[in-house]
Amino acid sequence: MTDHRPPKRIFPSSKVDAQSAKHVPSSPQTESEAYKLAFQDTEFLLREDLRPVRFQLELLKPELFMNEANIASTFVFYGSARIPEPSKADAVIAAAHDDRQRKVAESLKAKSKYYDVARDLARMASRFPVDPDGQRHYVVCSGGGPSIMEAANRGACDEGMESIGLNIVLPHEQLPNTFVTPDLSFQFHYFALRKMHFLLRARAVAVFPGGFGTFDEMFELLTLIQTGKVRPMPILLFGKQFWERVVDFKGLAEEGVISPGDLDLIHWCETAQDAWDFVRNYYPD
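Now for a look at the structure at hand. (Residues numbered from 1 in each chain as written. Predicted model: local features only at pLDDT ≥ 70, side-chain atom pairs only at ≥ 80, totals over all residues. Heavy atoms only, no water.)

Attention now moves to the layout of surface pockets. Volume-wise, the largest pocket comes out at about 1,400 Å³. Residue lining of the largest pocket: 46 residues in total, with S80, A81, R82, G210 and G211 positioned closest to the centre. Those elements that place two or more of their residues in the lining of the largest pocket are β1 (74-78), α5 (99-110), α6 (113-126), β3 (164-168), α8 (191-200), α9 (212-226) and α10 (240-246). A breakdown of the residues in the lining of the largest pocket according to their chemical character gives 21 nonpolar, 14 polar and eleven charged. (1 Å grid on protein atoms, 1.4 Å probe; cavity = no way out; pocket = protein on both sides within 12 Å on 5 of 7 lines; lining within 4 Å. Points joined across faces, edges and corners; volume = space filled by probe spheres on them. Helix = DSSP H or I, 4+ residues; strand = E, 2+ residues; numbered from the N terminus. Nonpolar A, V, L, I, M, F, W, Y, C, P; charged D, E, K, R; others polar.)

Put into structure tokens, the structure is as follows:
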């Protein structure tokens, strides 16, 4: 008896056609770059005109992977790539060649305590239970690099939980830290798309002492909340002594360039427990 039910799909999948395209006979026409399937033509995808497509790909790939991993919300960690793990801080001082380098190394050692704080906070976030729908919350997310970022991913790893690393291609060689979950380790070309993925699922953001990159990410988030482009969330700022030395937040309000109430967007923290308690109280559900 003939089965007249329609097939699940009437066109071959892209995977099937991509495989078939490998076995076409050679001819002047099939050897031309023009004959390549567009989605298999790397040189075509790298054209200037294809930038909007590359934007879309960098938005879609992490989004789809995180959806498939049932990640509903994240706990984002920003901070320096230079602050050493406490056990390695003395080695940084010993490697200094002059008084200036030694002074910098000693300053970094003083901040090395935040490595442990970030690790502890990541542990706490990673213990949050899966919800009844199988969705995971407060999944640790960092830039995937060393130092504070490594500490965050390491804390999740301590608990046997997955964590996200959002790496970016830089002129100098660099790799994701070894504690990032391999299947949640993403590499970006566009800073803008990377920063969007930091915030798409963010439910809380911990900001540790850092440099230009940390400033960029923190102030963009503050601006988005200040202007109503994203909903408020806990912004946990660690190291008040550091931040008040390098940024005069109160001065900005006194100068009239921000409102006094904008200072309330920041919650000052020194310990992981302070931060986690604030987040849990912020979201009573």
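Pairs may arise between side chains of opposite charge once their charged atoms sit close together. Per the counting criterion, the structure on display carries 15 salt bridges. The salt bridge partner of R51 is E48, with a shortest N-O separation of 2.7 Å. Using a relative accessible area of 34% as the deciding quantity, one classes R51 as partly exposed. A relative accessible area of 54% places E48 in the exposed class. Note that D158 is salt-bridged to R119, the shortest N-O span being 2.7 Å. Residue D158 is located in helix α7 (residues 148-158), and its partner R119 is located in helix α6; the two are separated by 39 residues in the primary sequence. By relative accessible area, D158 is classed as partly exposed at 34%. (Salt bridge = Lys/Arg side-chain N within 4 Å of Asp/Glu carboxyl O. Buried < 20%, exposed > 50% of the residue type's maximum accessible area, 1.4 Å probe, protein only.)

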